[in-house]
Amino acid sequence: MDGHLGTPPLETLSSTVLDAVDAEGRISYYTEADRQGPLLRRRKLRGEQHDEAFDRSDRWVPTDRIPDTETAVKEAGLVELDEIVAANLIGATLVSAAQ
């Protein structure tokens, strides 16, 4: 039980947000360091790599904005996010798109 005391609470996520984070493969999420840029993800599945950006139409679309190496990612001003933070950014994007 003590190990779970530092775990951040989970927010209730809509089915749209859950669908947006549900994907196969190893996934890394990124955004700009100030978190004002788009949400990006890199999916690696069966030896293939797919770089995508989440757009206001609730879809992941292909992008070339994620550099090839982790060093280049940092130099480009991108930070890696965990899945919960990525889900919250998706939720915020959906809310702002609906307004």
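Everything discussed here concerns the structure shown above.
Residues numbered from 1 in each chain as written. Predicted model: local features only at pLDDT ≥ 70, side-chain atom pairs only at ≥ 80, totals over all residues. Heavy atoms only, no water.

1. Overview of the side chain of Arg43
For step 1, the next point in the chain: Looking at the secondary structure, you find Arg43 in strand E2 (residues 40–45).
For step 2, the next point in the chain: The exposure class of Arg43 is buried, given its relative accessible area of 15%.
For step 3, the next point in the chain: Here the side chain of Arg43 touches Glu52 through a polar contact of 3.1 Å, side chain to side chain.
For step 4, the next point in the chain: Discounting chain neighbours no more than four positions away, the residues touching Arg43 are Ala23, Glu24, Arg26, Ile27, Glu48, Gln49, His50 and Glu52. (Helix = DSSP H or I, 4+ residues; strand = E, 2+ residues; numbered from the N terminus. Buried < 20%, exposed > 50% of the residue type's maximum accessible area, 1.4 Å probe, protein only. Polar contact = N/O pair within 3.5 Å; in protein donor to acceptor, adjacent residues only side chain to side chain. Contact = heavy atoms within 4.5 Å.)

2. Thoughts on the sheet that holds strand E3 (residues 48–54)
For step 1, the next point in the chain: Overall, antiparallel pairing links the 5 strands, which are arranged E4-E3-E2-E1-E5 in an open sheet. Edge positions in the sheet fall to strand E4 (60–62) and strand E5 (78–81), since each of these pairs with one other strand and no more. Averaged over neighbouring strand pairs, the angle between their axes works out to 35° when direction is ignored.
For step 2, the next point in the chain: Strand direction decides the pairing type here: strand E1 (residues 26–32) and E2, joined by 5 bridges, are antiparallel. Looking at E2, one finds that Tyr30 is bridged to Leu40. (Pairing = 2+ DSSP bridges. Axes fitted to C-alpha atoms, helices over the stretch in contact; angles between N-to-C directions.)

Everything listed here is a matter of geometry and, on its own, says nothing about what the molecule does.
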